[in-house]
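The primary structure of each chain is shown beneath.
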Amino acid sequence: MKFATSHKHMIDLVFPIAVFFVFAASSLAVLMLSARLYRLQTEKADNNYTTRTSLAYVNEKIRQHDENGGIFIRTIEEQNCLALESNIDGVPYTTYIYADEGMLKELFIRNDATLRLKDGRDIMEVNDFTMEEIGANLFRFTSADKNGNTSVLIATERSMP
């Protein structure tokens, strides 16, 4: 009775190692591609947040203060400010929304108090935020991200004086 002897060849060792390296290289390539796509999507979401959230905030403030023609743009300290007038218990107040030093700011103040824009509260970081009155009770707000992509909001006051 003769037993079969096994002969080992070099290919028996090289083939599994080659398959392992091909699998490892493929896994690394997929991982690197996924990381790049994730980074790009995160940047896009951050930029979208900056532009659209600031405009949504302004739009909501306009809707909250939409009464008796109390919405207008006023220049204070060489800065365009959205002025939202309100009356609380017979006392006149104004909310100012403006961009200053890379921040969207809000200042709620009595009309008889001293107005200083530096006293405003930071709302959120903005790269470029502009506002203009383009018609009677019609306003255009533009917000841009750090890459220069812009979003525009055109809002109107629904209640007229």
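Residues numbered from 1 in each chain as written. Predicted model: local features only at pLDDT ≥ 70, side-chain atom pairs only at ≥ 80, totals over all residues. Heavy atoms only, no water.

Some words on the packing of aromatic side chains
Okay, step 1: As enumerated under the stated definition, the model contains four aromatic pairs in all.
Okay, step 2: Feature note: the residues Phe 129, Phe 139 and Phe 141 constitute an aromatic cluster, connected by ring pairs. (Phe/Tyr/Trp six-rings, centres within 6.5 Å; stacked < 30°, edge-to-face > 60°.)

Some points on helix H1 (residues 10-64)
The α-helix advances 3.6 residues per turn, and as a result positions three or four apart in sequence lie on the same side.
Okay, step 1: Over its 55 residues, H1 extends 79 Å from the first C-alpha to the last, a length consistent with the 81 Å expected when each residue adds 1.5 Å.
Okay, step 2: Among all positions in H1, only Asn 47, Thr 50, Thr 51, Ser 54, Leu 55, Val 58, Lys 61 and Ile 62 are buried. (Helix = DSSP H or I, 4+ residues; strand = E, 2+ residues; numbered from the N terminus. Expected span 1.5 Å × (residues − 1). Buried < 20%, exposed > 50% of the residue type's maximum accessible area, 1.4 Å probe, protein only.)

A closer look at the nonpolar core
Okay, step 1: The biggest cluster of nonpolar side chains holds 18 residues, and the ones touching the most others in it are Val 58, Ile 62, Leu 82, Phe 129 and Phe 141.
Okay, step 2: Within the residue set of this core, elements represented by two or more residues are H1, strand S1 (71-76), strand S2 (79-88), strand S3 (91-100), strand S6 (128-135), strand S7 (138-144) and strand S8 (150-156).
Okay, step 3: If you tally residues by element for this core, the top one is H1, at three residues.
Okay, step 4: Those residues in contact with Phe 129, other than ones at most four positions away along the chain, are Ser 54, Leu 55, Val 58, Ala 99, Leu 104, Phe 141, Thr 142 and Ser 143.
Okay, step 5: Of all hydrophobic cores here, the second largest spans eight residues; its members include Ile 76, Tyr 98, Leu 107 and Ile 109. (Core = buried A, V, L, I, M, F, W, Y, C linked by side-chain atoms within 4.5 Å. Contact = heavy atoms within 4.5 Å.)

Concerning a nonpolar patch on the surface
Okay, step 1: Together, Met 10, Ile 11, Leu 13, Val 14, Phe 15, Ile 17, Val 19, Phe 20 and Phe 21 make up an exposed nonpolar region whose accessible area comes to about 960 Å².
Okay, step 2: Looking at Phe 21, the relative accessible area reads 54%, which means it is exposed. (Patch = residues over 30% accessible without salt bridge, like charges linked within 9 Å, V, L, I, M, F, W, Y side chains within 5 Å. Areas by Shrake-Rupley, 256 points an atom, 1.4 Å probe, with all protein chains shown as cover. Salt bridge = Lys/Arg side-chain N within 4 Å of Asp/Glu carboxyl O.)

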